[in-house]
Amino acid sequence: MQNDKLKGHAAIFTANMIFGLGVPVSKALLDSWVTPMGFMASRSLFAAVIFWIIACFLPNEKVERKDLMIILLGGLLGFVISQSLTAWALDYTTPVYYSLIAALTPVGVMLMAALFIGEKITWMKTVGVVLGIVGALLMLFKGWQAGAGKNDVLGIFLAVLSLLTWAIYLIVTRKVSQKYSSVTQMKWIFLISAIVTVPIAMREFDAQTLYSSAANWEGIAEMAFLVLGATVLGYFLIPVAMKSLQATTVSIYTNLQPIVASLVAIAIGQDFFTWDKIVAAVLVLVSAYIVTNAK
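Residues numbered from 1 in each chain as written. Predicted model: local features only at pLDDT ≥ 70, side-chain atom pairs only at ≥ 80, totals over all residues. Heavy atoms only, no water.

**Student:** I tried to follow the packing of helix H2 (residues 36-56) against helix H10 (residues 217-242) on my own but got confused; where do I start?
**Tutor:** Packed helices, taken two at a time, are described by their axes: the angle between them and the distance between them. Taken N-terminus to C-terminus, the directions of H2 and H10 make an angle of 60°; their axes are 10 Å apart at the nearest point. With respect to their mutual orientation, H2 and H10 come out oblique. As for the relative orientation of H2 and H10, their crossing is right-handed in sense. Contact residues: H2 offers Phe-39, Ser-42, Arg-43, Phe-46, Ala-47, Ile-50 and Phe-51, while H10 offers Met-223, Leu-226, Val-227, Leu-228, Ala-230, Thr-231, Val-232, Tyr-235 and Phe-236. Per-class residue counts for the contact of H2 with H10 are 13 nonpolar, 2 polar and 1 charged. (Axes fitted to C-alpha atoms, helices over the stretch in contact; angles between N-to-C directions. Helix = DSSP H or I, 4+ residues; strand = E, 2+ residues; numbered from the N terminus. Parallel < 35°, antiparallel > 145°, perpendicular 65-115°, else oblique. Left-handed = near helix turned anticlockwise from the far one by under 90°. Contact = heavy atoms within 4.5 Å. Nonpolar A, V, L, I, M, F, W, Y, C, P; charged D, E, K, R; others polar.)

The structure is reproduced here in structure tokens:
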């Protein structure tokens, strides 16, 4: 049991390190190579192909019809909707603002758990929620004054919607994640994601520079990292973690993402330090800590 928990912690730690690196890489792709829907379709289609190929070499795992419906719903919530909102958010705002909002995931999980499964919200958790909201409002206020993104207010709003959808995904798929292997879950999640996103992206195929004669190895390498790392490996590790860890424990590791994403984004010139980001980071991380650890 202890070994399973250690494996779960290692899995979700690695996944969030990859996701943190994926934020500035996604921003670079969206700025130069693909549209948000082209970005989503590429990840969905390539990941679906990879997971179905892997599944061919593993024992066939029969999925009950009701569980398959939950897995497919999880694909729509946790990837199609959540990650599409993420792509649009990164198109409008900076990696640092986006990743700080993503760090509020434990708050989102708590609120969605209270709404859908009746989890009690204590006064300490309420304090944590308030701190998180203050941090988000600070980012909105500074973004309204003219931030570094195209439209930081819209980008932050989309990021909030993304994290709430992701929180619902974690709650909805919790029990199913304990019954089936990661490959079984992911092959269905990305199949439904590809079915939904590819037809939409095909309508704007001419706008996908990555699939034109102007493509180079930089864009290809960025997409390869996002498909193999932030999509295939990252999403493979999440069910591994959820087999032995609670959804709130899984969600607190999201706090790694703003640290990694911010350091990388600032290092490569995508963003810069300002006082509001530092204050917001403190408020958001304290909020996530209180919500996760409050009894």
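Having seen the model, we can carry on.
**Student:** Explanation requested: the pattern of salt bridges in the structure shown.
**Tutor:** Side chains carrying opposite charge are able to pair once their charged atoms draw close together. Throughout the structure, instances matching the rule amount to 6 salt bridges. Ionic pairing is found between Asp-67 and Lys-66, a salt bridge with its closest N-O pair at 3.5 Å. By relative accessible area, Asp-67 is classed as buried at 3%. Among the residues examined, Lys-66 registers a relative accessible area of 53% and is labelled exposed. A salt bridge links Asp-91 to Lys-150; the nearest nitrogen and oxygen atoms lie 3.4 Å apart. Residue Asp-91 is located in helix H3 (residues 65-92), and its partner Lys-150 is located in the loop between helix H6 (123-144) and helix H7 (152-172); the two are separated by 59 residues in the primary sequence. When salt bridges with common partners are traced through the structure, they connect Glu-64, Lys-66, Asp-67 and Lys-179 into a single cluster. (Salt bridge = Lys/Arg side-chain N within 4 Å of Asp/Glu carboxyl O. Buried < 20%, exposed > 50% of the residue type's maximum accessible area, 1.4 Å probe, protein only.)

**Student:** Could you clarify how one ought to interpret a nonpolar patch on the surface in this entry?
**Tutor:** Together, Leu-45, Phe-46, Val-49, Ile-53, Phe-57, Met-202, Phe-205 and Tyr-211 give the surface a local cluster of nonpolar side chains, amounting to about 800 Å² of exposed area. Considering every element that reaches the nonpolar patch, the biggest residue donor is H2, with 4 residues. Following the sequence through the fold, Val-49 ends up in helix H2. Accessibility expressed as a relative area gives 43% for Val-49, which makes it partly exposed. (Patch = residues over 30% accessible without salt bridge, like charges linked within 9 Å, V, L, I, M, F, W, Y side chains within 5 Å. Areas by Shrake-Rupley, 256 points an atom, 1.4 Å probe, with all protein chains shown as cover.)

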